[in-house]
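Overview (structure and organization)
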Amino acid sequence: MDIFTIFSIIGTIAFAVSGAIVAMEEEYDILGVYVLGLVTAFGGGVVRNLLIDVPVTTLWTQGPLLKTAIIAMTIAFILPVNWIQRWQRSEAFFDAIGLSAFAIQGALYATGKHPLSAVIVAAMLTGIGGGMIRDVLAGRKPLVLRDEIYAVWAMGAGAVIGLGWFKSPFELLVLFVIVIVFRMLSVKYKWRLPRRSLKFALSQSVHSEEKRAAAAAVLDEQKKGNSK
């Protein structure tokens with residue numbers, strides 16, 4: 001079993017279970033559990049294939065991975081609630097495993113066939129694409145775009161693989177661990193990319209206008225009282 005296959009299996013299990021649990025949180029039926037789990041596990045790879053000109057139909061050649069995902073989702077569906085709650089407490093860790101595995105897998109998929117920029121995009125989309133589609137289908141805001149630093153670690157993995165800094169199976173395993181560690185550090189310490197909230201700025205502006213209008217009204221009342 002080569003390193004590419006190992007990362008594919010790890011990422012598939014982690015993301016399939018993640019999608020299944022989100023579906024159960026949203027009270028979807030068993031069909032919804034399977035759909036959301038499969039989309040989470042394979043959605044990023046499908047989007048990646050579209051962008052790097054790989055036939056989307058290659059998905060149907062991944063029979064063993066599809067079976068692995070279905071088995072993982074079935075187990076998640078029948079697990080006792082207290083086991084699922086334990087998973088949810090460790091959800092960020094397993095999500096980091098899926099992110100790292102799929103980012104490296106996506107980068108390996110594009111390396112040697114496309115320029116560095118395409119390798120980085122392939123790593124990012126494979127790592128976060130399924131989660132984004134999952135959140136949209138579940139009616140949630142995609143956490144990967146507003147939560148702690150997430151996609152950056154996938155892009156970093158793609159960059160170092162595209163530059164040829166990590167090649168051997170051992171080096172890729174080290175990179176796998178590094179991405180997980182940095183992802184968990186960003187969760188623990190709430191590392192975030194710079195952001196600018198127009199909603200907050202606009203609300204502050206509205207409040208300022210209201211305060212100015214109130215102050216002007218008070219002054220007008222005072223002037224009227226003085227004139228009398």
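Before going further, it helps to spend a moment on the overall build of the protein. From N to C terminus, the protein includes nine helices and zero strands. Of the regular secondary structure in the protein, the N- to C-terminal order runs α-α-α-α-α-α-α-α-α. Relative to its 228 residues, the protein shows a buried fraction of 38%. Residue pairs in contact within the protein that sit at least 24 positions apart in sequence constitute 76% of those at least 6 positions apart.

Turning our attention to the environment of Ser100. With respect to the helices and strands, Ser100 occurs in helix H5 (residues 91–110). Here Ser100 falls in the buried class, since its relative accessible area comes to 0%. Once the C-alpha coordinates of Ser100 and Trp153 are considered, the two residues, 53 residues apart in sequence, prove to be 8.0 Å apart. In this view, Ser100 contacts Leu175, Phe176, Val179 and Ile180; residues no more than four positions away in its chain are not counted. There is a polar contact of 2.8 Å between the side chain of Ser100 and the backbone oxygen of Phe176.

Core analysis: the largest hydrophobic core is formed by 53 residues, its most contacted members being Phe7, Phe42, Ile104, Ile161, Leu172, Leu175 and Phe176. Residue assignment for this core shows that the elements contributing at least two residues are helix H1 (3–25), helix H2 (30–51), helix H3 (63–78), H5, helix H6 (116–137), helix H7 (151–162) and helix H8 (169–188). Looking at this core, the element that brings in the most residues is H5, giving 10 residues. Not counting residues within four places of it along the chain, the set of residues in contact with Ile161 comprises Ile104, Ala107, Leu108, Thr111, Phe166, Leu172 and Leu175.

Tallying each qualifying case throughout the model produces two cavities of 30 Å³ or more. Counted as a void, the largest cavity has a volume near 150 Å³. Along its surface, the largest cavity is lined by 16 residues, and Phe42, Gly45, Arg48, Gln62 and Gln105 are the ones closest to its centre. The set of elements that each furnish at least two residues to the lining of the largest cavity consists of H1, H2 and H5. Among the elements that take part in the lining of the largest cavity, H2 stands out by supplying six residues, more than any other. When its residues are assigned to classes, the lining of the largest cavity shows seven nonpolar, eight polar and one charged. Surrounding the second largest cavity, Phe15, Asp95, Gly127, Ile128, Gly131, Arg134, Val144 and Tyr150 form its lining.

Let us now look at the pattern of salt bridges. What the rule picks out here adds up to three salt bridges. Two residues, Arg140 and Glu26, come together in a salt bridge whose shortest N-O distance is 2.9 Å. Of this pair, Arg140 sits in the loop between H6 and H7 while Glu26 is found in the loop between H1 and H2, placing the two residues 114 residues apart along the sequence. Residue classification places Glu26 among the partly exposed residues on the basis of a relative accessible area of 31%. A salt bridge links Arg134 to Asp135, with the shortest nitrogen-to-oxygen separation between them at 3.1 Å. Asp135 matches Arg134 in its accessibility class, with the two residues each being buried. The network of salt bridges with common partners includes Glu25, Glu26 and Arg140.

A separate point is the packing of aromatic side chains. Under the counting rule described, the total for this entry stands at three aromatic pairs. For the pair Tyr189 and Trp191, a centre-to-centre distance of 6.2 Å together with 20° between the ring planes defines the contact as stacked. According to the relative accessible area criterion, Tyr189 is partly exposed, its value standing at 49%. In this structure, Arg48 packs its charged tip against the face of Tyr109, placed 4.1 Å from the ring centre. Lys113 extends its terminal NZ or CZ atom over the ring of Tyr109, reaching a point 4.9 Å from the ring centre.

Turning to the environment of Gly139, a few remarks are in order. Within the secondary structure layout, Gly139 lies in the loop between H6 and H7. Residue classification places Gly139 among the exposed residues on the basis of a relative accessible area of 70%.

Calculation criteria
Residues numbered from 1 in each chain as written. Predicted model: local features only at pLDDT ≥ 70, side-chain atom pairs only at ≥ 80, totals over all residues. Heavy atoms only, no water. Helix = DSSP H or I, 4+ residues; strand = E, 2+ residues; numbered from the N terminus. Buried < 20%, exposed > 50% of the residue type's maximum accessible area, 1.4 Å probe, protein only. Contact = heavy atoms within 4.5 Å. Polar contact = N/O pair within 3.5 Å; in protein donor to acceptor, adjacent residues only side chain to side chain. Core = buried A, V, L, I, M, F, W, Y, C linked by side-chain atoms within 4.5 Å. 1 Å grid on protein atoms, 1.4 Å probe; cavity = no way out; pocket = protein on both sides within 12 Å on 5 of 7 lines; lining within 4 Å. Points joined across faces, edges and corners; volume = space filled by probe spheres on them. Nonpolar A, V, L, I, M, F, W, Y, C, P; charged D, E, K, R; others polar. Salt bridge = Lys/Arg side-chain N within 4 Å of Asp/Glu carboxyl O. Phe/Tyr/Trp six-rings, centres within 6.5 Å; stacked < 30°, edge-to-face > 60°. Lys NZ or Arg CZ within 6 Å of the ring centre and 35° of its normal.

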